[in-house]
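Summary of the model geometry
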Amino acid sequence: MIAPIISIRNMHKWYSGVHALRGVSLDINPNEALGLIGDNGAGKSTLINILSGAQTADEGEIEIDGALVNIRNPRDAMDLGIETIYQYNSMVPTMSIARNMFIGREPLKVSLFGIGIMDQQKMRDDSVKAIADVNLHLRSPDALVGELSGGQRQGVAIARAMHFRSRLMILDEPTNHLSVKETAKVIGFVQSLKNQNVTSIFISHNMHHVFECCDRVVAMARGKIVLDKRIEDTSIEEVHEVL
Ligand SMILES: Nc1ncnc2c1ncn2[C@@H]1O[C@H](COP(=O)(O)OP(=O)(O)OP(=O)(O)O)[C@@H](O)[C@H]1O
Ligand SMILES: [Mg+2]
């Protein structure tokens, strides 16, 4: 038996009248790529927003490596090694790739006057390396993120998460509005995370994508988990039936 890296226990969330999570419990194993599937409003984003600190649960607990944690905000999640990539990811289009790579975690160097200033060269060098590490080919770290395609932006976000050695990478519909080719690239990223000891949760409406890059599929419906199986033990048809 491998110990899970994250355990979610009996999670509940209410939005005024809506009971969005109705007692969700889930263990996520190290190096696993977990596909999270479910119809609109099933509670997928709510669940992962609680893990990423964007929202807080009304009931339930989260353990990381067997220890109870309190994720109050995105900073807490980042400090625990949880990184989230959204459909429209959290990058600033008017800033360069290098600046975006280090938002909130800028390396400093001491200036002539003894003041800590951003180490621009280090940010450029490190981002070139981080981007090459995920097999993304971009011309220059100085290019503005706003000039990149959707797939390239997701690539930079993934490179950033890899650079800061995230342990859990959450991807909430990262392929929405991407071309077929860009989607294939993002799927490739998810597949490569495993080789780099990163555990991932991949949310998608596309069952084929989940079956292509995940080890396990968890289906949610109306705030509950209704199926949890290894990919080799289930089929697209079976998952469809429970939704
Ligand atoms: N900020 C919010 N305020 C009020 N209700 C919300 C909020 N966020 C989500 N909900 C409700 O909670 C339920 C679960 O929503 P959630 O966004 O988690 O679903 P989802 O599975 O991610 O759906 P989708 O596939 O459409 O992204 C829905 O009924 C939704 O309307
Ligand atoms: Mg959602």
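Rules used throughout
- Residues numbered from 1 in each chain as written.
- Chains lettered and ligands numbered in written order.
- Predicted model: local features only at pLDDT ≥ 70, side-chain atom pairs only at ≥ 80, totals over all residues.
- Heavy atoms only, no water.
- Helix = DSSP H or I, 4+ residues; strand = E, 2+ residues; numbered from the N terminus.
- Rg over C-alpha atoms; globule rule 2.2 N^0.38 Å.
- Buried < 20%, exposed > 50% of the residue type's maximum accessible area, 1.4 Å probe, protein only.
- Areas by Shrake-Rupley, 256 points an atom, 1.4 Å probe, with all protein chains shown as cover.
- Lys, Arg positive; Asp, Glu negative; His and termini not counted.
- Charge placed at Lys NZ, Arg CZ, Asp CG, Glu CD.
- Near = heavy atom within 4 Å.
- Polar contact = N/O pair within 3.5 Å; in protein donor to acceptor, adjacent residues only side chain to side chain.
- Core = buried A, V, L, I, M, F, W, Y, C linked by side-chain atoms within 4.5 Å.
- Pairing = 2+ DSSP bridges.
- Axes fitted to C-alpha atoms, helices over the stretch in contact; angles between N-to-C directions.
- Contact = heavy atoms within 4.5 Å.

Structural notes on the overall build of the chain
- For the chain, the helix and strand inventory stands at eight helices and 12 strands.
- The C-alpha atoms of the chain give a radius of gyration of 19 Å, which matches the 18 Å a tight globule of 243 residues would have.
- Relative to its 243 residues, the chain shows a buried fraction of 48%.
- Surface accessibility of the chain: about 11,900 Å² in total, with carbon and sulfur atoms responsible for 51%.
- Of the side-chain charges in the chain, 25 are positive and 29 negative, and the distance between the mean point of each set is 5 Å.

So, the site of ligand 1
- If you check the shell around ligand 1, you find 13 residues, and the closest are Asn40, Gly41, Lys44, Thr46 and His205.
- Contact distances for ligand 1 include 3.5 Å between a nitrogen atom and a side-chain N or O atom of Tyr15.
- Note that an oxygen atom of ligand 1 is positioned 3.0 Å from one of the backbone N or O atoms of Gly43.
- Protein contact buries 61% of the 630 Å² of open area that ligand 1 shows by itself.
- At three residues, helix H1 (residues 44-51) tops the list of elements feeding residues into the shell around ligand 1.

Description of the nonpolar core
- Judged by nonpolar contacts, the single largest core of 41 residues is most densely connected at Ile158 and Met169.
- Elements with a minimum of two residues in this core: helix H3 (97-101), helix H4 (120-133), helix H5 (150-163), strand S9 (168-172), helix H6 (180-195), helix H7 (207-213), strand S11 (216-221) and helix H8 (236-242).
- Broken down by element, the residue count for this core peaks at six residues, all from H5.
- Counting residues in hydrophobic clusters, the runner-up holds 26 residues, among them Ile50, Ile170, Ile201 and Val218.

Points about the sheet that holds strand S1 (residues 6-15)
- As summarised here, the arrangement of the four strands in space is S2-S1-S4-S5, forming an open sheet in which the pairing is antiparallel. Bordering the open sheet on either side are strand S2 (18-28) and strand S5 (67-69), each of which pairs with just one other strand. With strand direction ignored, the average angle separating the axes of adjacent strands in the sheet is 30°.
- Looking at chain direction, strand S4 (residues 59-64) and S5 are connected through three bridges and run antiparallel. Along S5, the bridge assignment pairs Glu63 with Leu68.

A look at unusual backbone geometry
- In this structure, Asn10 is a non-glycine residue whose phi angle is positive, near 50°.
- As for its position among the elements, Asn10 is in strand S1.
- Asn10 sits in the partly exposed class, given a relative accessible area of 40%.
- For Asn197, which is not glycine, the phi dihedral falls at a positive 60°.
- With respect to the helices, strands and loops of the structure, Asn197 is situated in the loop between H6 and strand S10 (199-203).

Description of the pairing of strand S12 (residues 224-230)
- Across six bridges, S11 lies against S12 in antiparallel orientation. Following the sheet pairing, Val217 is matched in S12 by Lys229.
- Connecting S11 to the antiparallel partner S12 that follows it, the hairpin turn spans two residues, and Arg222 within it adopts a positive phi of roughly 45°.

With respect to the sheet that holds strand S6 (residues 82-85)
- Read across the sheet, six strands follow the order S6-S9-S10-S3-S11-S12 without closing on themselves; strand pairing throughout is mixed. Because the sheet does not close on itself, it has two edges, and the strands there are S6 and S12. Direction aside, neighbouring strands of the sheet carry axes that sit 20° apart on average.
- Sheet analysis places strand S3 (residues 33-38) next to S10, joined by four bridges and oriented parallel. When the bridges of S10 are listed, Gly35 appears paired with Phe202.
- Contacts between H5 and the sheet are confined to S6 and S9, with S6 contributing the most and set at about 180° to the helix.

Nothing here speaks to function; it is geometry throughout.
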